[in-house]
Amino acid sequence: MKPAVDGEHFDALMEALDGAAAELIAAFERDAARWTKGRPGKWTAGQHTAHVAITLAVTADAFEERLPQVLAGTLGPPPRRGPLQWLWVSLVVGRATLPRGLRTPRRFEPGQGPERAATLERVRRELERHRAVGRPLTPAQRDRLWIRSPFVSRWHYRLPEIIRVQAVHVRHHLRQIEEIP
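Residues numbered from 1 in each chain as written. Predicted model: local features only at pLDDT ≥ 70, side-chain atom pairs only at ≥ 80, totals over all residues. Heavy atoms only, no water.

Student: Can you walk me through the overall build of the protein in this structure?
Tutor: Check the secondary structure of the protein and you find six helices and two strands. Across the protein, helices and strands are ordered from the amino to the carboxyl terminus as α-α-α-α-α-β-β-α. Over its C-alpha atoms the protein spans a radius of gyration of 16 Å, differing by no more than 12% from the 16 Å that the globule rule assigns to 181 residues. C-alpha atoms of the protein, sized along the principal axes, occupy 50 × 35 × 30 Å. For the protein, with 181 residues in total, the buried portion stands at 46%. Both charge centroids of the protein, one from 29 positive and one from 20 negative side chains, sit 7 Å from each other. (Helix = DSSP H or I, 4+ residues; strand = E, 2+ residues; numbered from the N terminus. Rg over C-alpha atoms; globule rule 2.2 N^0.38 Å. Buried < 20%, exposed > 50% of the residue type's maximum accessible area, 1.4 Å probe, protein only. Lys, Arg positive; Asp, Glu negative; His and termini not counted. Charge placed at Lys NZ, Arg CZ, Asp CG, Glu CD.)

Written out as structure tokens, the structure reads:
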């Protein structure tokens, strides 16, 4: 059962993200050679993982930047969601699914040949940054902490939502890695 996506369930949401990341990391502990494998014209397993680390870092940066405002009580409410973002959030956050075939913005693309140990350590480090942002907050503060989406600039996410989004995103890339022959 998926935890509710709110500040009260932050620890359970983080556990789900931790579990997804642990599965990703375990894939390379079982088979280190998998890191450099990929489908022709597609990312290698290592590049999928580096992409995950990049997106985790970007959202951690954004929440760390907003944290002082929520602590001071000066962060305004998030903008209203339009129908398209409402649909997207319902799909990714609500149903925990991420469609395939979307184009990754260039700034989230991994470089060629990411180093395995450093990339896996970065995934772990970025998870901890998300936990460090949310842990000291009250449930209400977690629900009020929001950022502009780094993926679609006119959209936004609250902290609990991005934790779910990131867990879904990690599993999305893990499935693609598992499909590499």
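Student: Before we go on, may I ask you to explain the packing of aromatic side chains in this structure?
Tutor: Aromatic rings in a pair are described by how distant their centres are and how their planes are angled relative to each other. Under the criterion given, the structure shown has three aromatic pairs. A centroid spacing of 6.3 Å and a plane angle of 40° characterise the contact between Trp88 and Trp155, whose relative ring orientation is tilted. Of this pair, Trp88 sits in helix α3 (residues 83-94) while Trp155 is found in the loop between β1 (146-148) and β2 (156-158), placing the two residues 67 residues apart along the sequence. Classification of Trp155 as buried rests on a relative accessible area of 10%. If you follow Arg66 out to its NZ or CZ, it ends over the ring of Trp146, 4.3 Å from the centre. (Phe/Tyr/Trp six-rings, centres within 6.5 Å; stacked < 30°, edge-to-face > 60°. Lys NZ or Arg CZ within 6 Å of the ring centre and 35° of its normal.)

Student: Just to check I follow, could you spell out the pattern of salt bridges for this structure?
Tutor: Where side chains of opposite charge bring their charged atoms close, a pairing between them can arise. Scanning the entire structure with this criterion turns up 15 salt bridges. A salt bridge links Arg106 to Glu109; the nearest nitrogen and oxygen atoms lie 3.7 Å apart. According to the relative accessible area criterion, Glu109 is partly exposed, its value standing at 24%. Connected through shared salt-bridge partners, Asp61, Glu64, Arg122, Glu126 and Arg129 make up one network. (Salt bridge = Lys/Arg side-chain N within 4 Å of Asp/Glu carboxyl O.)

Student: Would you explain α3 in this entry?
Tutor: Since the α-helix advances by 3.6 residues per turn, residues separated by three or four positions end up pointing in the same direction. The complete set of buried residues in α3 reads Gln85, Val89, Val92 and Val93. Seen along its axis, α3 keeps its buried residues to an arc of 85°; they face one direction. Structural note: α3 exposes Pro83, Leu84, Trp86 and Leu87 on the side pointing more than 90 degrees away from its buried face. The elements touched by buried residues of α3 are β2 and α6 (159-178). Residue Ala96 follows α3 closely and has a positive phi angle near 55°. (Arc of directions from axis to C-beta. Contact = heavy atoms within 4.5 Å.)

Student: Mind showing me how you'd approach the packing of α3 against α6 here?
Tutor: Relative placement of two packed helices is described by the angle separating their axes and the distance separating the axes. Two numbers describe how α3 lies on α6: the axes approach to 9 Å, and their chain directions differ by 65°. Considered as vectors, α3 and α6 are oriented roughly perpendicular to each other. Where α3 abuts α6, its residues Val89, Val92, Val93 and Gly94 lie against Glu161, Arg164, Val165 and Val168. (Axes fitted to C-alpha atoms, helices over the stretch in contact; angles between N-to-C directions. Parallel < 35°, antiparallel > 145°, perpendicular 65-115°, else oblique.)

Student: For this particular structure, what's the right way to read the nonpolar core?
Tutor: Soluble, globular proteins show a tendency: their nonpolar side chains are buried together. Of all hydrophobic cores here, the largest spans 43 residues; its most connected members are Leu17, Leu145, Leu159 and Ile163. Among the secondary structure elements, those contributing two or more residues to this core are α1 (10-30), α2 (45-72), α3, α4 (116-134), β1 and α6. In terms of residue count, the dominant contributor to this core is α1 (10 residues). Apart from the residues lying within four places of it in its own chain, the contact partners of Ile163 are Phe10, Leu13, Met14, Leu17 and His130. (Core = buried A, V, L, I, M, F, W, Y, C linked by side-chain atoms within 4.5 Å.)

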